[in-house]
Amino acid sequence: MTAAAIPAPAWRGWPAALLAAAALALTVWSAAALLPPGLWLAAAWAPDLTDPGQLLFRHAFLPRLAVSWLAGAALGLAGTIFQQVLRNPLAEPTTLGTSAGAGLALAAAGLYAPALLAHGREGVALAGAAIATLAVFGLAGRRLAPVTLILAGLVVSLTCGSAGALLVLLHREYMTELFVWQSGSLVQTGDATALALLPRLAAAAVLAALLARPLALLELEDDGAAGLGLSPARTRLAGLAVAVALSAAVVAAVGVIGFVGLAAPAAARLCGARTLRQRMAVAPLAGALLLWLADQLAQHAPFADEIPAGTVTALLGAPLLLALLALLPRLRLAGTGPAAAVPSRDRSRHPALLLSLGLVLLVAATAAAVLFGRGADGWGWASAANFDALLPLRAPRAATAVAAGAVLGMAGTLLQRMTGNPMAAPEMLGISAGASTGVVLLLLAVPGFDRGATLAAAAVGALATLAVLLLIARRPSATPERLLLAGVALATMFSGLAAVMLAGDDPRVDRLLAWMSGSTYHAGPPEAAVAAIAAVAMLALAPLTARWLEILPLGAAPARALGLDPARARLALLPLVALPVAAATLAIGPLSFVGLMAPHMARLAGFRRALPQLLASALAGALILLVADWLGRTLIFPWQVPAGLLAAFIGGPYVLWLLRRGA
C-alpha cells in the first residue's frame, strides 16, 4: 500500500466548531460594547446620520471587523500552503520575507513612482513579494532545508526593513504615515479595503481547493508523487503562486502583518485538523480570529495612541517561533558550513605588519573624515579659518563611530567563537536589539535621556538577551542554526516593543527613531568617551580570553579534555560581550551588520587565530562605521543618513552573500 493510500485519521470537528463559536461570541461582545444589538441592523443598512454611534458602527467598526477577518483568513491560508509546499512548519509570509518584499516595493513606489499605483497596489506588491521570495529560494539552495530557508527569509526581511527605515528617514514629512502603514494598521474609514480583499480571497480559496489533492501528494517523496502522474515542480510553483499572491494582497491592503500565517496552521493542528483539506478549512478561520484578537489588543492597549495591529502580532509571534523551535527537535537542519572560528594558523605571514597597516589606514581615514567633507560651499578641506568651528561638530562623531565600530567588530568575533556559529553577531542574535529595548522601556517609565540610566538599561537588556541565548544553547537540539534563528526571533520581538514607543505621541520619538537607526548626529564628547572606554576595555581584556576563544569552537568534549568548562567560560565571557555592546548601541543604535561583517573581513584578510582576528575585526568594524558615518553626512547634504542604517543597508546584501556561499 502506498503512503497516499493510508487512510487519514478521523477528524473530530468539535474543536474547530468551538473555535468558530468563540470567534462569533467575541465579535458579538465587541459589537455590543459599541452599539446596542437592537440598532445593529438599522446601522448596517441605513445608519442615522445624527447618531455618532451608528456612524462609527457602520463606517469604522464593521469595515475594520471585515478587514481583520479577511486579512487573517488570507494569511492563514497562505501559511498553510507555504508549509505544505515547502514541508516546513516554520514557513509563512513573514519568515520567508514575502511580506517584507511586498511592503518595501509599495513604499518605494509610493514615494518615487506613484504612477505605478494608479491602477491599484496589488501589482507592485506582487512584484516585490515575488522578488523577495525568489531571493530567499536562491539563497537557501536546492535542498530547501527548513532552518536554512527560514534563516534566509528572516535575513531578507531584515534587509528590506533596513531599506524601509531608510525611506522613512529620507521622507520625514511622511514619517508617521509610512511607519504606521509598514507596521500593519487595520484602521478603516469605509468598505473599499474589504471589498478589494473579498474577491481575491475567494479566488485564492477556489484555486487552493483545486490544488488540494496535488499539494497533498507532495507529502510523498518526489519520485512517489511523479509515479502517480504528478509534476512536483509545477505543483509547488502553482502553490507558491497562490500563497505569494495572497500575501501580496494583504500587504497591499493593510501593510505587513507578521506571524499570523505561522500561528494559524499551528492552531488548526491543535484543533485536530490532520489532512491538508482540513487544515485549509480551519487555518483561515484561526487566522481570522487571531488577527481580530490582535486588533482588539491594539485598540485597548493602555497607550496614548493606538498601536498598529502588525506590531501586536510581531510581539506575540516571535515567542511562538521560539516555542516551535523548542517543540520541533526533529526539524531537518542544514549546516552553514564549517565554523568560521575553527583554530588554524594565520594565512598571512606577517600579521603584525598587516595590523599596523590597518591602524595607519584607520588613522588616515579618521583624519580625512574630520578634515574633508561637504558644506554650503561644496566639497572641500577644512581651512584654518573654519577648523575651530568644524572640529567640535565632526570629531565627536568620527570618534564615536570608530569606537562603536571597533566594539561591534570584536563582539562579533567573540560571539562567533563562543557559539561556533559563523553567522553570529550582536545584531543577528538580538543582543543589540535587546539593548535598545532596555532603553525604550526605560523611556516609557521615566522622562529625559539620562546617560547613566540609559547605559544601565541598555546593559540589562543586552545581558538578558545573551543569557536567554546561552540557556537555549545548552539544549541538546541547540545547533548553531537554531540558535541563530532564535536570536533573529528575539530581535523581531524587541523591534515590536520599540514600535510601541514609536507609535505614541511622545516628543522624544523623532530623536529615538534617529538613534535606533544608528545616527551619530547627537553624539558629543560624552558619547564618544563612553564608546571609547568600552573599546579600550575590550582591547585590554581580549588577550586574557585568547586561550578560551581558541578552544571553545572545538566543541564541548574537546574543550573539557583540554581542561576548560565551556559553560563557565561562556558565562565569564558574557559581560565582556554584553556591556560593551550596550555602550556601542547607545552610541550608534541597534541597526547595523558591522558585528557580522568585520570578523569575516578579518578572516578573508588571513587572520584565523583568536587574538589577531579580534584586533583585525576591531580595525575593520571601526573603518566600516567611520566610512558609513562620513557618507551619511555628505551624500545628500544638508540632509543626513544615519551611519548604522547605511551600514545595515550595505551590510544586508553582504550577509545574504555569506549565506549563499555557506559562510
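Here the residue numbers are simple positions, counted from 1 along each chain's written sequence. Local features in this predicted model are restricted to residues of pLDDT 70 or higher, and side-chain atom pairs are both shown and tallied only at a pLDDT of 80 or more, whereas totals for entire chains, interfaces and linings draw on every residue. Each side-chain value is derived from all of the structure's non-hydrogen atoms; neither hydrogens nor water enter the calculation.

Peer 1: Before we go on, may I ask you to explain the packing of helix H15 (residues 387-419) against helix H24 (residues 594-604) in this structure?
Peer 2: The description of two packed helices rests on the angle between their axes and on the distance between the axes. At their nearest, the axes of H15 and H24 sit 7 Å apart, and the two run at 75° to each other. Considering their axes alone, H15 and H24 lie roughly perpendicular with respect to each other. Of H24, the residues touching H15 (which contributes Gly 405, Leu 408, Gly 409, Gly 412, Thr 413 and Gln 416) are Val 594, Gly 595, Leu 596, Ala 598, Pro 599 and His 600. Looking at the contact of H15 with H24 residue by residue, the classes come out as 5 nonpolar, 7 polar and no charged. In this description, a line fitted to the C-alpha atoms serves as the axis of each element, helices being fitted only across the stretch in contact, and the angle between N-to-C directions of two axes falls anywhere from 0 to 180 degrees. To qualify as a helix, a DSSP run of H or I must reach at least 4 residues; to qualify as a strand, a run of E must reach at least 2; elements of each kind are numbered from the N terminus. Should an angle fall under 35 degrees it is taken as roughly parallel, and over 145 as roughly antiparallel, whereas 65 to 115 is taken as roughly perpendicular and any remaining angle as oblique. In this analysis, two residues are considered to be in contact whenever any of their non-hydrogen atoms come within 4.5 Å of each other. Throughout, the ten residues Ala, Val, Leu, Ile, Met, Phe, Trp, Tyr, Cys and Pro are labelled nonpolar, Asp, Glu, Lys and Arg are labelled charged, and all others, Gly among them, are labelled polar.

Peer 1: Even after reading the chapter, I still don't get a nonpolar patch on the surface, so can you show me in this structure?
Peer 2: Residues Leu 26, Trp 29 and Leu 293 make up a contiguous nonpolar surface patch of roughly 290 Å² in combined accessible area. Within the secondary structure, Leu 293 is located in helix H12 (residues 276-300). Residue classification places Leu 293 among the partly exposed positions, given a relative accessible area of 33%. The residues that make up patches have over 30% relative accessible area and no salt bridge, and they are joined within 9 Å when like-charged or within 5 Å when they are Val, Leu, Ile, Met, Phe, Trp or Tyr. For every accessible area listed, the method is Shrake-Rupley and the probe measures 1.4 Å; residues are considered covered only by the protein chains on display. What makes a salt bridge here is a side-chain nitrogen of Lys or Arg within 4 Å of a carboxyl oxygen of Asp or Glu, nothing more. Exposure categories follow from relative accessible area, calculated using a 1.4 Å probe and restricted to protein chains: below 20% of the type maximum is buried, above 50% is exposed, and the middle band is partly exposed.

Peer 1: Would you mind showing me how to read the nonpolar core here?
Peer 2: A general feature of soluble globular proteins is that nonpolar side chains tend to end up buried together. Take the buried residues of types Ala, Val, Leu, Ile, Met, Phe, Trp, Tyr and Cys, join any two whose side-chain atoms come within 4.5 Å, and each joined set is a nonpolar core. Within the largest apolar cluster, 151 residues are counted, with the highest numbers of intra-cluster contacts made by Ile 81, Leu 215, Leu 246, Met 280, Ile 431, Val 577 and Leu 625. When sequence neighbours within four positions are dropped, the list of residues in contact with Ile 81 reads Ala 208, Leu 215, Gly 239, Val 242, Ala 243 and Met 280. In this structure, Ala 31, Leu 35, Ala 43 and Leu 65 belong to the second largest nonpolar core, which totals 9 residues.

Peer 1: Sorry, what's going on with the pattern of salt bridges here?
Peer 2: Pairs can form between side chains of opposite charge whenever their charged atoms are close. According to the stated counting rule, one finds 8 salt bridges in the structure shown. Taking the shortest distance from any N to any O, the salt bridge between Asp 629 and Arg 397 comes out at 3.2 Å. Here Asp 629, found in helix H25 (residues 610-634), pairs with Arg 397, found in helix H15; they are 232 residues apart in sequence, far enough to count as distant. An identical accessibility class is assigned to Asp 629 and Arg 397; each is buried. Here Glu 550 ties to Arg 609 by a salt bridge, and the two come within 2.9 Å at their closest N and O atoms.

Peer 1: Whenever I open this one, the pairing of strand E1 (residues 372-375) confuses me. Can you help?
Peer 2: Residues in a regular strand point their side chains to alternate faces of the sheet. Note on pairing: two strands pair once DSSP finds at least 2 bridges between them. Note: E1 against strand E2 (residues 378-381), 4 bridges, orientation antiparallel. Residue pairing across strands places Gly 373 opposite Gly 380, the latter belonging to E2. Taken together, E1 and the strand that follows it, E2, pair antiparallel across an intervening segment of 2 residues.

Peer 1: Quick question: what am I supposed to make of unusual backbone geometry here?
Peer 2: Where the residue is not glycine, phi is negative for most of them; where a peptide bond is considered, it is trans in most cases. In the Ramachandran plot, Arg 87 falls in the positive-phi region, its phi being about 50° despite a non-glycine side chain. Of note, Arg 87 is situated in the loop between helix H3 (52-86) and helix H4 (98-112). Take Arg 87: its relative accessible area is 38%, and that puts it in the partly exposed class.

Peer 1: Looking at this model, I keep getting lost on the packing of aromatic side chains. Mind explaining?
Peer 2: Working definition: an aromatic ring pair is given by the centre-to-centre distance plus the angle between the planes. Here is the rule: rings of Phe, Tyr and Trp (six-membered ring for Trp) pair when centre to centre is within 6.5 Å. Planes less than 30 degrees apart are stacked, more than 60 are edge-to-face, and the remainder are tilted. Under the criterion given, the structure shown has 6 aromatic pairs. When the centroid spacing of 5.4 Å and the interplanar angle of 20° are considered together, the rings of Phe 57 and Phe 61 count as stacked. Linking Phe 57 with Phe 61, this pair stays in helix H3, spanning 4 residues, or about one helical turn. Overall, Phe 57 belongs to the buried group, its relative accessible area being 3%. With a relative accessible area of 15%, Phe 61 lands in the buried category.

Peer 1: Looking at this structure, how should I read the confidence of the model for the protein?
Peer 2: The predicted structure's coordinates, where accompanied by low pLDDT, should not be read in detail. Values of pLDDT, which run from 0 to 100, indicate the predictor's confidence residue by residue. Taken over all residues, the pLDDT of the protein has a mean of 78, while the share at 70 or more is 79%. Long-range and interchain partners of residues 1-9, a stretch whose pLDDT sits below 50, account for 7 contacts in this model, where long-range means more than four residues apart.

Peer 1: What am I meant to see in the packing of H3 against helix H10 (residues 232-254) here?
Peer 2: Axis separation between H3 and H10 bottoms out at 9 Å; the angle between their running directions is 155°. The angle between H3 and H10 places the two elements in the roughly antiparallel class. As H3 packs across H10, the resulting crossing turns out to be left-handed. The residues of H10 that touch H3, namely those facing Val 67, Ala 71, Ala 74, Leu 75, Leu 77, Ala 78, Ile 81, Phe 82 and Val 85, are Arg 236, Gly 239, Leu 240, Val 242, Ala 243, Val 244, Leu 246, Ser 247, Val 250 and Val 254. Per-class residue counts for the contact of H3 with H10 are 16 nonpolar, 2 polar and 1 charged. Less than a right angle of anticlockwise turn of the near helix away from the far helix marks a crossing as left-handed, whereas a clockwise turn marks it as right-handed.

Peer 1: Explain the environment of Leu 186 to me, please; I cannot follow it from the model alone.
Peer 2: Within the secondary structure, Leu 186 is located in the loop between helix H7 (175-182) and helix H8 (192-217). By relative accessible area, Leu 186 is classed as buried at 1%. Taking the C-alpha atoms as reference points, Leu 186 and Gly 255, 69 residues apart in sequence, are found 8.5 Å from one another. In this view, Leu 186 contacts Arg 64, Val 67, Ser 68, Val 254, Leu 291, Asp 295 and Ala 309; residues no more than four positions away in its chain are not counted.

Peer 1: Would you take a moment to explain the side chain of Glu 92 for this structure?
Peer 2: Mapped onto the fold, Glu 92 is located in the loop between H3 and H4. Positive: Lys, Arg. Negative: Asp, Glu. His and the chain ends are not part of the count. In this structure Glu 92 is buried but unpaired, with Arg 269 as the nearest side chain of opposite charge at 12 Å. A polar contact is formed between the side chain of Glu 92 and the backbone nitrogen of Phe 259, at a distance of 3.2 Å. Between N or O atoms, a polar contact is any pair within 3.5 Å; within protein, one atom must be a potential hydrogen donor and the other a potential acceptor, and residues adjacent in sequence are included only when both atoms are from side chains.

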